[in-house]
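Okay, here's what each chain looks like letter by letter:
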Amino acid sequence: MSKTVEKLNLYLANLNVLYRKVQNYHWNIVGTGFFSVHAKLEEYYDALNEQIDDVAERILSIGGRPLGTLKDYLAVSTIKEAENKEISIADAVADVKKEFEAMLKLVKEVKETADAENDYGTSAMVDEYISSYEKNLWMLNAYLK
């Protein structure tokens, strides 16, 4: 298995756990600003869900096998699940920001690995993810000021 497939499977696992975490926060946030943050979290998890499908299909297209079970995702993910409880908007937004920073770092590693293996299709695919995390982080940082 190529190093790119390994990195993509880690990224895929993190996407799946992060998807569920952001959706959990969407359900459980409380506080002033609920309506706007509730909607923004839905926007985030919808975008994560699109990435999940794209990354899994990319793994297949380069001869790999995507992880596909919750057990597999939880075994390799570097993201921890959210608890089923109320969470303040400030805490949820700060945690999403932290996770997006980690995902940006990981997706840059995917790009570097793909480039080293001359996998230009994967490298090009993740460019959009990099710029998306950078924009989201700019906005989250502005919100948290």
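The shown structure was predicted, so the numbers you read here are calculated from the model rather than taken from an experiment. (Residues numbered from 1 in each chain as written. Predicted model: local features only at pLDDT ≥ 70, side-chain atom pairs only at ≥ 80, totals over all residues. Heavy atoms only, no water.)

**Side note on the nonpolar core**
Part 1: Tyr 11, Val 55 and Tyr 133 are the most contacted members of the largest nonpolar core, which totals 42 residues.
Part 2: Among the elements that make up this core, the one with the highest residue count is helix H1 (residues 3-28) (eleven residues). (Core = buried A, V, L, I, M, F, W, Y, C linked by side-chain atoms within 4.5 Å. Buried < 20%, exposed > 50% of the residue type's maximum accessible area, 1.4 Å probe, protein only. Helix = DSSP H or I, 4+ residues; strand = E, 2+ residues; numbered from the N terminus.)

**Quick notes on the UniProt feature "domain: Ferritin/DPS" (unreviewed entry) in the protein chain**
Part 1: When the UniProt feature table is mapped onto this chain numbering, "domain: Ferritin/DPS" (unreviewed entry) sits at residues 6-145.
Part 2: As annotated, residues 6-145 has a helix share of 79% and a strand share of 3%, and its two end C-alpha atoms lie 37 Å apart. (UniProt positions renumbered as here; feature names shortened; annotations may be inferred.)

**A closer look at a negative patch on the surface**
Part 1: A grouping of Glu 42, Asp 46, Glu 50, Asp 53, Asp 54, Glu 57 and Glu 128 is seen on the molecular surface, where their side chains present a negatively charged patch.
Part 2: A per-element tally of the negative patch places helix H2 (residues 34-61) first, with six residues.
Part 3: Relative to the elements of secondary structure, Glu 57 occurs in helix H2.
Part 4: Using a relative accessible area of 46% as the deciding quantity, one classes Glu 57 as partly exposed. (Patch = residues over 30% accessible without salt bridge, like charges linked within 9 Å, V, L, I, M, F, W, Y side chains within 5 Å. Areas by Shrake-Rupley, 256 points an atom, 1.4 Å probe, with all protein chains shown as cover. Salt bridge = Lys/Arg side-chain N within 4 Å of Asp/Glu carboxyl O. Lys, Arg positive; Asp, Glu negative; His and termini not counted. Charge placed at Lys NZ, Arg CZ, Asp CG, Glu CD.)

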